[in-house]
Amino acid sequence: MTEIIAHRGYRIVAPENTLPAFEAALAYDIDMLETDVHRTKDGYLVVIHDETVDRTTNGTGLVKELTLAEIKMLDAGSYKQPMMNNVSIPTLEELLIFLKNERFSKTLLLEIKTDHIDYPGIEQEVLNLVNQFDPTYGITYQSFNLKSLKIIRKLQPNAKIAALVFWPSPKVWWLKLIGVFKFVHPDIRILKRKPKLFWRIGLPIRPWTVDKEEDMRAVFKAKLPGIITNQVALACRIRKEIQKVNE
């Protein structure tokens with residue numbers, strides 16, 4: 001069955017990459033929670049998508065130039081409707097504690113955000129923190145930065161890894177072939193331009209970000225391994241309609 005991956009939690013109904021968004025996603029029959037990791041000025045790992053706090057909080061500035069205390073003072077729940085009070089950017093540690101308390105049993109998809117800003121050593125720091133929690137659920141690491149994926153493979157040979165790409169280049173397929181990662185996560189918009197690849201059953205691809213119903217139906221009918229989406233409820237409904245009927 002095609003896995004449903006909740007992109008930054010259920011960001012349609014709650015502020016993305018916050019604990020309410022992750023909690024909302026867990027109310028549905030998803031298979032993975034996806035999130036993003038940056039590092040603060042004072043070395044804390046925080047869960048936020050952008051390199052800056054501008055879009056998703058009432059603050060401004062680069063994450064790497066703000067301390068955790070400064071980031072925790074920001075309002076991360078009022079930038080979208082419906083507004084939520086007392087919502088802040090979580091640390092990765094807080095997310096892992098939340099998942100432990102929720103008895104999470106699916107897979108956490110962690111994106112290492114080194115594609116625009118270099119965070120020297122962040123790969124080891126993420127692995128160390130995750131391993132401290134010794135999670136009983138699955139962990140998969142992804143990044144647009146192929147160098148980061150190579151580092152993770154070297155540091156933790158048994159890690160589950162995926163390459164985030166706009167389009168899988170020959171270099172990406174080569175790195176997959178030699179075992180740097182198992183899955184490739186391409187942009188659905190570009191994937192649709194290559195219909196022969198899009199419809200090939202068995203390819204190790206999980207496209208992002210699949211929010212249109214027609215695209216979801218195509219992915220589920222093709223039985224691709226996974227779908228990364230903001231439209232969690234819609235994806236669950238369509239998967240049940242298409243794939244469970246065919247079982």
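In this report, the structure presented in the accompanying data block is examined. (Residues numbered from 1 in each chain as written. Predicted model: local features only at pLDDT ≥ 70, side-chain atom pairs only at ≥ 80, totals over all residues. Heavy atoms only, no water.)

**Notes on the overall build of the protein chain**
- Scanning the protein chain from N- to C-terminus turns up ten helices and eight strands.
- Over its C-alpha trace the protein chain gives a radius of gyration of 18 Å, about what one expects of a compact globule, namely 18 Å for 247 residues.
- With the C-alpha coordinates aligned to their principal axes, the bounding extent of the protein chain is approximately 50 × 40 × 35 Å.
- Scored against the burial criterion, the 247 residues of the protein chain give a buried share of 54%.
- When contacts within the protein chain are restricted to residue pairs at least 6 apart in sequence, long-range pairs at least 24 apart make up 53% of them. (Helix = DSSP H or I, 4+ residues; strand = E, 2+ residues; numbered from the N terminus. Rg over C-alpha atoms; globule rule 2.2 N^0.38 Å. Buried < 20%, exposed > 50% of the residue type's maximum accessible area, 1.4 Å probe, protein only. Contact = heavy atoms within 4.5 Å.)

**Focus: the environment of Thr35**
- Position of Thr35 among the secondary structure elements: in strand E2 (residues 32-39).
- Remark: the alpha-carbon pair of Thr35 and Phe22, spanning 13 residues in sequence, is separated by 9.2 Å.
- A polar atom in the side chain of Thr35 sits 2.8 Å from the side chain of Asn17. (Polar contact = N/O pair within 3.5 Å; in protein donor to acceptor, adjacent residues only side chain to side chain.)

**Remarks on empty space enclosed by the protein**
- One pass over the structure, following the stated rule, counts one cavity of 30 Å³ or more.
- Each pocket or cavity is described by its volume, and for the largest cavity that value is around 70 Å³.
- Looking at side-chain class alone, the lining of the largest cavity contains six nonpolar, four polar and one charged residues. (1 Å grid on protein atoms, 1.4 Å probe; cavity = no way out; pocket = protein on both sides within 12 Å on 5 of 7 lines; lining within 4 Å. Points joined across faces, edges and corners; volume = space filled by probe spheres on them. Nonpolar A, V, L, I, M, F, W, Y, C, P; charged D, E, K, R; others polar.)

**Side note on the side chain of Arg239**
- As for its position among the elements, Arg239 is in helix H10 (residues 232-242).
- The class of Arg239 is buried, set by a relative accessible area of 4%.
- The residues contacting Arg239, other than those within four sequence positions of it, are Met1, Thr2, Glu3, Ile4, Asp29, Asp31, Phe220 and Lys244.

**Some remarks on the nonpolar core**
- Among the nonpolar cores identified, the biggest contains 70 residues, and Leu33, Leu92, Leu108, Leu110, Val126, Tyr141 and Phe181 are the most heavily contacted of them.
- Sort the elements by how many residues they give to this core and H10 lands first, with six residues.
- The contact partners of Leu108, leaving out residues within four places of it in the chain, are Leu33, Thr35, Leu95, Leu96, Leu99, Tyr137, Gly138, Ile139 and Thr140.
- If you look at the next biggest cluster of nonpolar residues, it comprises six residues, including Ile5, Leu109, Leu164 and Ile228. (Core = buried A, V, L, I, M, F, W, Y, C linked by side-chain atoms within 4.5 Å.)

**A word on the pattern of salt bridges**
- Overall, the coordinates contain 15 salt bridges when judged by the stated rule.
- The shortest N-O distance in the salt bridge between Arg217 and Glu241 comes to 2.8 Å. Separated by 24 residues along the polypeptide, Arg217 in helix H9 (residues 213-222) and Glu241 in helix H10 bring together distant segments of the chain.
- A residue is classified by how much of its surface remains accessible, and Glu241, at 37% relative accessible area, is partly exposed.
- Taken together, the salt bridges that share partners define one network made up of Arg8, Arg11, Glu16, Asp50 and Arg55. (Salt bridge = Lys/Arg side-chain N within 4 Å of Asp/Glu carboxyl O.)

**Here we look at the packing of helix H3 (residues 92-101) against helix H4 (residues 122-133)**
- For the pair H3 and H4, interaxial distance at closest approach is 11 Å and the crossing angle is 25 degrees. Our classification of the angle between H3 and H4 gives roughly parallel. Seen along the crossing, H3 lies across H4 with a hand that is right-handed. Residue-level inspection shows Leu92, Glu93, Leu96 and Ile97 of H3 in contact with H4, the latter providing Val126, Leu129, Val130 and Phe133.
- Partitioned by chemical class, the residues of the contact of H3 with H4 number seven nonpolar, no polar and one charged. (Axes fitted to C-alpha atoms, helices over the stretch in contact; angles between N-to-C directions. Parallel < 35°, antiparallel > 145°, perpendicular 65-115°, else oblique. Left-handed = near helix turned anticlockwise from the far one by under 90°.)

**Remarks on the packing of H4 against helix H5 (residues 146-155)**
- It is at 9 Å that the axes of H4 and H5 come closest, and there the two elements cross at 45 degrees. Taken as axis vectors, H4 and H5 run oblique relative to one another. Between H4 and H5 lies a crossing of right-handed hand. Along its contact with H4, which presents Glu123, Gln124 and Leu127, the element H5 presents Ser148, Ile151, Ile152 and Leu155.
- Across the contact of H4 with H5, the residue classes break down as four nonpolar, two polar and one charged.

**Considerations on a nonpolar patch on the surface**
- A cluster of nonpolar side chains, Trp174, Leu177 and Ile178, forms an exposed patch at the surface whose accessible area comes to about 360 Å².
- With respect to the helices and strands, the residue Trp174 is situated in helix H6 (residues 170-177). (Patch = residues over 30% accessible without salt bridge, like charges linked within 9 Å, V, L, I, M, F, W, Y side chains within 5 Å. Areas by Shrake-Rupley, 256 points an atom, 1.4 Å probe, with all protein chains shown as cover.)

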